[in-house]
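Coordinate inspection notes
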Amino acid sequence: MSLATTYSPADVEAKWYQCWQEQGFFKASPNPKKTPYTVVIPPPNVTGVLHMGHMLNNTIQDVLVRRARMRGQEACWVPGTDHASIATEAKVVAQLKEQGIEKKDLTREQFLAHAFAWKDKYGGIILEQLKQLGASCDWDRTRFTMEPALTDAVLRVFVDLYRKGLIYRGVRMVNWDPLGGTAISDEEVIPKDVTAKMYYLKYEIVADSSQPLAVSFEQEANSQQPAAKSYIVVATSRPETIMADVAVAVNPADERFHDLAGQRVRIPLLGRDVPVIQDEYVLTDFGTGALKVTPAHDLNDYNLGQKHNLPIIDILNDNGTLNERAELYVGQDRFAARRNIVKDLDAAGLLVKTEEYASIVQTSERTKAVIEPKLSMQWFMKMEHLAKPALEVVENDTIRLHPAKFKNTYRAWMENVRDWCISRQLWWGQQIPAYYLPDGSFVVALSAVEALELAREQSGNAALEMSDLRQDEDVLDTWFSSWLWPISVFDGFADPDNADVNYFYPTNDLVTGPDILFFWVARMIMAGLEFRQEVPFRNVYLTGIVRDTQGRKMSKQLGNSPDPLDLIAQFGADAVRTGMLFSAPAGNDLLYDEKLVAQGRNFANKLWNAFRLVKGWEVDAALPFAHDKPVAWFGARLAAVVADIDDHFEKFRISDALLAVYKLVWDDFCAQYLEMVKPAYQQPIDPETLRHTTAYFEALLKLLHPFMPFITEELWHELAARGPRDYVTVAHWPKPAPPADSAALLAGMDKALAVVAGIRAVRNQKNLGPNKPLALVIKTDEPALFTAYEGVLRKLGNLEALDFAGAGPAGAVSFVQGSSEFFVPLEGPVDTAAERARLEKELAYAQGFRESVQKKLGNEKFAANAKPDVLERERQKLADAEAKIVALEQALKGM
RNA sequence: GGGAGAUUAGCUCAGCUGGUUCAGAGCAUCUGCCUUACAAGCAGAGGGUCACUGGUUCGAACCCAGUAUCUCCCA
């Protein structure tokens, strides 16, 4: 035989992927004779490259899609990318900078030209990488969130929601990303634990001639000092914002500050003074109990300021530097300004002390910059109206989350949902279709032409010209595109009644990470209900995060993430796919270990070698069917395991489904079945056995195909001559009917295999190699149990003789299975004492077991309360134990 | 600070409504084998007071309460 002993994936993968595409197997179109099965890909960033998270996520999708296809559904997996406005814009800006071009020197059109050029160059990479993984997407349907049709959908939705009163413009405290130069939504903010410094600053009390002060404001640090104080100590973590202070607040219940009400204090280093206000919001046990109020730069302070009618002083520029309103440190970055002001405060004797404390800073998910709370005019979307039905469909299981624990997380967010800030101060994205009139009012319209019409109407000024209108500078959040994805990829906005969207929507399953449950999943549900009155999908499979063996996230900085394409090159895509899935229950983080991929490769190799064995058999047409029992048994096993696998899939237990096929192939098929039927060296096989074996092999290839598409396709074609469209990719998922006597077959073979294991244990104990034929003598009341499997026993046990007798022969090692005794006669002396000790130990164990069962059965309350089937099982246990005890006792007696 | 979830073999996890073999799998470990499909393999073996403390029950890994530790979400 010329086939290599190891499987070589590199030789076959590209070939089959090309064949599948040429055959058009991945293409889907509405087909009334089939049920649709639709998955939309979570669109990766257009400029992204494949990482381990994508590998896991897309492997799972492909497994689901391939199985659905084999089950006769019209399987449609829609690929695509999103424009990732902030990340992509940042990349393009950085790239331009390298070329010496500053964004601010470009017009919007020029910048977009650069950005699209970048997208055209790098945009397709990740999708090409998915092909190497084997992803069976319908590539003709590839979409991009910023392509014209999807942009049109976004604008339509914006206009529609605006007209419904769900989108509004307003000044709010937003999360400002100074590096990205844009507002970001709450969900894009990542809190990080840090050790921060708390600075204790002296605010001088402005002398009020009528009321001399007599209270100690700083008891601890200066307790030995005279009571009269001229300053108050305020603790802050952001000393650079004191220039934006508009008040100092204390709790009215705090007796330390009673006399301060109505006083004014002077901001350190600045000449300006501010009032002391009282509010229950202030914590008495945090810092000094006195809080500086900076409405422009802190959300809580903003609310406090609104309540007390305080002014707002914004001292920061959009890029995080201080502006002229700060008066000091103008032009310096906020962190530089902090360092400098601390120095200056200290020099001026205004810094009492600094303390370290555990704090949290908010950072940008995209740029990692520390977020600056900032007041600005933004566009918002009202969420309450949309959230209610979206929560309902998850609560009532119209949409199921897998694992279900995420229902709690989902509920918590939906019940406390806040309005969505949808505007971004960027260029890469859909420009907001709002047009400002010269008088500052605005109109919202799909096109400039329509906007002009509206503007003339609204203003009553028919002379308005296009040039009088100015479109809003901002673009929409990328998620404002992505939330429409399941509808927009089927052009469901421009043409809501088209055949594709009617057939493929709602989609079936969505596979994504829990980190975007709110960003994306929740909003897609809202969009589906709002725009099609139908949920976008039925199941949401939430994957875990891929981590290294130490539980750390994969990251570029740590360098602990393997390059997926290197892995595929080294082990093969099938191995990588199975490696990812071996240890990936839904919702659990996956501790990635290359050993898992190696296990996948080993499995592929095992399959390959099983194939080599079967392929090498010569047939002798004259031979009678010699292996009815193994053939019938494996048929029963196959039916049982396929039922298990289907059940696992129903419950989205993908790892369990894989493990079930893995064991069926490796243990049942290779280790047992093939060993039972394989002819002796250079002997031919009978045609009937070969026919069954080949059919089983095909069934296994089908079951494996969703997990290992490449090797199964290769072997499918190697195993038999195939017609032009006969591929395992489009073969029918097995639905084997269990044989009528399935239970008896499975139980009978279990017994026989237990005897084989007994014989092998004897071989191991006595150091007898597998090549040495042995004899077996059985003492049993039910010889038929074993004669039916005599062939199996002889083959797997390598027996030269198998006899029944009433007593064991002398000089034999024995073991007990059920109520039967087995003797293996050995040459040479047998260590009787050791044999006796072993049997006695087994006997003591069986007796103890019998006793516990007897006790249970003897308990009146048990007999009264236990269900009949439980009672029956216990009686059976007792009977089995007693039979075993009798057999063991006789074995001992016979020694 | 509030909420959710977890804690089972060295590692990663199953264990469905409490009751079949006194807790299972994969990997890892140990022992013996290069037995003509496969050493990326074969045969066999060892390994767990199911986090802890109480409670309910004839019976608890499973139900209840508390404790500890960890993870996630929200502030």
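Residues numbered from 1 in each chain as written. Chains lettered and ligands numbered in written order. Predicted model: local features only at pLDDT ≥ 70, side-chain atom pairs only at ≥ 80, totals over all residues. Heavy atoms only, no water.

As annotated in an unreviewed UniProt entry, chain A carries the name Valine--tRNA ligase and comes from Hymenobacter caeli. Regarding chain A, the UniProt comment filed under Sequence similarities (unreviewed entry) reads as follows: "Belongs to the class-I aminoacyl-tRNA synthetase family. ValS type 1 subfamily." Heading Catalytic activity (unreviewed entry) of the UniProt record for chain A holds this comment: "tRNA(Val) + L-valine + ATP = L-valyl-tRNA(Val) + AMP + diphosphate". (UniProt positions renumbered as here; feature names shortened; annotations may be inferred.)

**Section: the side chain of Asp177**
Considering the arrangement of structural elements, one finds Asp177 in strand E5 (residues 167-177). Among buried charged residues, Asp177 stands out as having no salt bridge; its nearest opposite-charge side chain is Arg334, 6.6 Å away. A distance of 2.9 Å separates a polar side-chain atom of Asp177 from the backbone nitrogen of Leu179. Among the polar contacts listed, one links the side chain of Asp177 to the side chain of Thr367, at a separation of 2.6 Å. (Helix = DSSP H or I, 4+ residues; strand = E, 2+ residues; numbered from the N terminus. Buried < 20%, exposed > 50% of the residue type's maximum accessible area, 1.4 Å probe, protein only. Lys, Arg positive; Asp, Glu negative; His and termini not counted. Salt bridge = Lys/Arg side-chain N within 4 Å of Asp/Glu carboxyl O. Polar contact = N/O pair within 3.5 Å; in protein donor to acceptor, adjacent residues only side chain to side chain.)

**Some words on the UniProt feature "short sequence motif: 'HIGH' region" (unreviewed entry) in chain A**
Here, UniProt's "short sequence motif: 'HIGH' region" (unreviewed entry) annotation points to residues 44-54. Overall, residues 44-54 shows 27% helix and 0% strand. The separation of its end C-alpha atoms is 8 Å.

**Overview of the pattern of salt bridges**
As enumerated under the stated definition, the model contains 48 salt bridges in all. Linking Asp120 and Lys119 is a salt bridge whose minimum nitrogen-to-oxygen distance equals 3.8 Å. Here Glu821 and Lys779 are joined by a salt bridge, their closest N and O atoms 3.4 Å apart. On the criterion of sequence distance, the pair formed by Glu821 in strand E29 (residues 820-825) and Lys779 in strand E26 (residues 774-779) is long-range, its members being 42 residues apart. Within the structure, one salt-bridge network assembled from shared partners comprises Arg238, Glu240, Arg334, Arg338 and Glu372.

**Observations regarding helix H2 (residues 52-70)**
Over its 19 residues, H2 runs 27 Å from end to end, which matches the ideal 27 Å to within 8%, given 1.5 Å per residue. By the criterion of burial, H2 is predominantly enclosed, with 18 of the 19 residues buried. (Expected span 1.5 Å × (residues − 1).)

**Some points on the sheet that holds strand E14 (residues 372-381)**
With antiparallel pairing, four strands are arranged side by side in an open sheet as E6-E5-E14-E16. The sheet is open, and its two edges are formed by strand E6 (182-184) and strand E16 (420-421), each paired on a single side. Examined bridge by bridge, E5 and E14 share 10 bridges and lie antiparallel to one another. What sits directly across from Gly170, in E14, is Gln378. (Pairing = 2+ DSSP bridges.)

**Considerations on the packing of helix H23 (residues 742-765) against helix H25 (residues 790-797)**
Following both chains from N to C, one finds H23 and H25 inclined at 25°, their axes separated by 10 Å at the closest point. When the interaxial angle is binned, H23 and H25 end up roughly parallel. Considering how the two elements wind past one another, H23 and H25 form a crossing that is right-handed. Of the residues in H25, those touching H23 at Met749, Ala752, Leu753, Val755, Val756, Ile759, Arg760 and Arg763 are Val792, Leu793, Leu796 and Gly797. Here the residues of the contact of H23 with H25 are counted per class, giving nine nonpolar, one polar and two charged. (Axes fitted to C-alpha atoms, helices over the stretch in contact; angles between N-to-C directions. Parallel < 35°, antiparallel > 145°, perpendicular 65-115°, else oblique. Left-handed = near helix turned anticlockwise from the far one by under 90°. Contact = heavy atoms within 4.5 Å. Nonpolar A, V, L, I, M, F, W, Y, C, P; charged D, E, K, R; others polar.)

**Some details on the UniProt feature "domain: Valyl-tRNA synthetase tRNA-binding arm" (unreviewed entry) in chain A**
Within this structure's numbering, the places UniProt gives as "domain: Valyl-tRNA synthetase tRNA-binding arm" (unreviewed entry) are residues 831-895. Structurally, residues 831-895 is divided into 91% helix and 0% strand, and its ends, taken at the C-alpha atoms, are 11 Å apart.

**Observations concerning the packing of aromatic side chains**
In the structure shown here, the tally under the stated rule is 43 aromatic pairs. Judged by centre distance (5.5 Å) and plane angle (90°), the rings of Trp420 and Trp483 are edge-to-face. Of the two residues, Trp420 sits in strand E16 while Trp483 sits in the loop between helix H12 (479-482) and helix H13 (485-488), which places them 63 residues apart along the sequence. Residue Trp420 shares its accessibility class with Trp483, and that shared class is buried. The interplanar angle of 20° and the centroid separation of 5.5 Å between the aromatic rings of Phe490 and Phe504 together place this pair among those described as stacked. With Phe490 in the loop between H13 and helix H14 (499-504) and Phe504 in helix H14, this residue pair connects regions lying 14 residues apart in the sequence. The exposure class of Phe504 is buried, given its relative accessible area of 0%. An aromatic cluster of at least three residues, connected via ring pairs, comprises Phe158, Tyr162, Trp379, Trp420, Tyr436, Phe442, Phe480, Trp483, Phe493 and Phe531. We note Arg66 situated over the ring of Trp20; from NZ or CZ to the ring centre the distance is 4.5 Å. Directly above the aromatic system of Phe144 lies the positively charged group of Lys119, at a separation of 4.6 Å from the ring centroid. (Phe/Tyr/Trp six-rings, centres within 6.5 Å; stacked < 30°, edge-to-face > 60°. Lys NZ or Arg CZ within 6 Å of the ring centre and 35° of its normal.)

**Thoughts on unusual backbone geometry**
Pro403 follows His402 through a cis peptide bond whose omega is 0°. With respect to the helices, strands and loops of the structure, Pro403 is situated in the loop between strand E15 (400-402) and helix H10 (406-415). Between Tyr505 and Pro506 the backbone carries a cis peptide bond, its omega angle lying at 0°. In this fold, Pro506 is placed in the loop between H14 and strand E22 (509-512). The backbone of Leu269 sits at a positive phi, close to 70°, despite the residue not being glycine. Position of Leu269 among the secondary structure elements: in the loop between strand E10 (264-266) and strand E11 (273-278). For Glu327, which is not glycine, the phi dihedral falls at a positive 70°. Inspection of the secondary structure assignment puts Glu327 in the loop between helix H7 (299-307) and helix H8 (334-347).

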